[in-house]
Amino acid sequence: MVELRRPRSPQDSSRRRFQRRQWGRRWLTWRYVLYAAVVVLLAGFAVYAVYFSPWLRTEKVQVEGIQQLTREQVIAAADVPLGGPLAHEDLHAIEQRVEALAIVRSADVSRSWPHDVRIVVTERTPVAVLARGGSYVQVDASGVTFMPVLKNPGSLPAIDTGATADENALAEGAKVAASLPPEVAKLVDHIEVATIDRIQLSLRDGRQVLWGSAEESTAKAKVLLALLKTKAHSIDVSVPGLPTTR
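First, a word on scope: everything that follows refers to the structure included in this document. This structure is a prediction, so every number in the text was calculated from the model and none was measured. (Residues numbered from 1 in each chain as written. Predicted model: local features only at pLDDT ≥ 70, side-chain atom pairs only at ≥ 80, totals over all residues. Heavy atoms only, no water.)

## As for the overall build of the protein chain
Tallying secondary structure elements over the protein chain gives six helices and 12 strands in all. Each of the 246 residues in the protein chain was classed as buried or not, and the buried ones make up 33%. The contacts of the protein chain with a sequence gap of at least 6 include a subset with a gap of at least 24, amounting to 44%. Approximately 15,600 Å² of the protein chain is accessible, and the part contributed by carbon and sulfur atoms is 57%. (Helix = DSSP H or I, 4+ residues; strand = E, 2+ residues; numbered from the N terminus. Buried < 20%, exposed > 50% of the residue type's maximum accessible area, 1.4 Å probe, protein only. Contact = heavy atoms within 4.5 Å. Areas by Shrake-Rupley, 256 points an atom, 1.4 Å probe, with all protein chains shown as cover.)

Here it is as structure tokens:
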């Protein structure tokens with residue numbers, strides 16, 4: 001016997017369409033809830049992994065850019081605590097500790113995931129030396145003193161600021177020393193800074209160079225390089241456009 005199905009009435013079809021729409025709306029709502037729950041779980045897991053888990057601990061310190069310092073000196077100054085979460089490292093404090101070293105001009109500290117602190121050091125470059133207490137200290141282009149040496153290395157000019165040891169005078173002398181080409185710097189025995197407007201270079205062969213102030217030092221250095229080919233004993237480049245010799 002074949003069972004005949006009763007045809008659906010328009011009311012049944014309408015009711016079924018309504019139920020499907022209702023189910024679709026519920027699923028859409030629950031889908032958003034499910035997505036939000038997944039996002040929260042992932043965010044919580046990420047926070048745990050970065051800040052609390054043993055997976056991203058500080059294990060090593062990388063040191064780059066050193067020439068005069070040793071890796072051990074930088075690590076000792078940085079005093080990076082090992083074993084804790086890498087995300088908790090105070091990078092600014094580490095930078096300050098490294099930059100407290102006199103020879104360090106600047107330090108850049110960053111996290112090198114997953115386990116390292118990276119320290120990139122920029123050291124000061126000596127342009128001259130300054131006599132101090134029977135020995136010498138190196139001087140950079142800004143007039144900052146660092147790194148004592150027992151004797152003048154000979155390749156760098158000495159700066160003589162007189163008995164006052166004025167910081168401004170030292171800075172002006174360093175600015176002049178930094179402007180000298182290497183082939184000229186090695187000929188200079190010392191730079192006398194009587195005042196910031198009266199600077200004089202004493203060459204190793206006995207010749208004297210009146211420099212004036214540290215202004216236009218690059219132009220003065222070019223003029224001096226040309227005039228050194230003459231037999232003049234005294235050279236005045238204080239006005240680089242109108243140099244004189246004697």
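## Considerations on the nonpolar core
In terms of nonpolar packing, the biggest core is built from 31 residues, with Ile 191, Leu 201, Val 209, Trp 211, Leu 224, Ile 235 and Val 237 touching the most fellow members. In this structure Leu 201 touches Val 176, Leu 180, Val 188, His 190, Ile 191, Arg 207, Gln 208, Val 209, Trp 211 and Leu 224, once residues within four positions along its chain are discounted. (Core = buried A, V, L, I, M, F, W, Y, C linked by side-chain atoms within 4.5 Å.)

## Structural notes on the sheet that holds strand 6 (residues 145–149)
The strand order across the open sheet built from nine strands is 6-5-4-7-8-9-10-11-12, with neighbouring strands paired in mixed fashion. The open sheet has two edge strands with one neighbour each: strand 6 and strand 12 (244–245). Judged from the four bridges that link them, strand 9 (residues 198–203) and strand 10 (residues 208–212) form a sheet pairing that is antiparallel. Looking at strand 10, one finds that Gln 200 is bridged to Leu 210. Each of strand 9, strand 10, strand 11 (234–236) and strand 12 touches helix 6 (residues 217–227); the most contacted strand, strand 10, lies at about 160 degrees to it. (Pairing = 2+ DSSP bridges. Axes fitted to C-alpha atoms, helices over the stretch in contact; angles between N-to-C directions.)

## Topic: the side chain of Glu 172
Following the sequence through the fold, Glu 172 ends up in helix 4 (residues 167–179). Setting aside residues up to four positions removed in sequence, Glu 172 forms contacts with Ile 196, Ile 199 and Ala 214.

## Digging into the environment of Ile 159
On the secondary structure map, Ile 159 appears in strand 7 (residues 158–160). A residue is classified by how much of its surface remains accessible, and Ile 159, at 4% relative accessible area, is buried. Sequence separation between Ile 159 and Glu 172 is 13 residues, and the spatial gap between their C-alpha atoms is 9.8 Å. Those residues within four positions of Ile 159 in sequence are excluded, and the remaining contacts are Ala 128, Val 129, Leu 130, Val 139, Leu 170, Gly 173, Ala 174, Ile 191 and Val 193.

## Side note on the pairing of strand 9
Judged from the six bridges that link them, strand 8 (residues 188–195) and strand 9 form a sheet pairing that is antiparallel. Counterpart to Val 188 in the pairing with strand 9 is Leu 203. The antiparallel pairing of strand 8 with strand 9 creates a hairpin that spans two residues between the two strands. Connecting the antiparallel pair strand 9 and strand 10 is a turn made up of four residues, with Gly 206 showing a positive phi of about 95 degrees.

## Observations concerning the packing of helix 2 (residues 71–78) against helix 3 (residues 91–99)
The geometry of helix 2 relative to helix 3 is characterised by a closest axis approach of 8 Å and an angle of 130 degrees between their N-to-C directions. Taken together, the axes of helix 2 and helix 3 are oblique relative to one another. Crossing handedness for the pair helix 2 and helix 3: right-handed. Across the interface between the two elements, Val 74, Ala 77 and Ala 78 of helix 2 pack against Ile 94, Arg 97 and Val 98 of helix 3. (Parallel < 35°, antiparallel > 145°, perpendicular 65-115°, else oblique. Left-handed = near helix turned anticlockwise from the far one by under 90°.)

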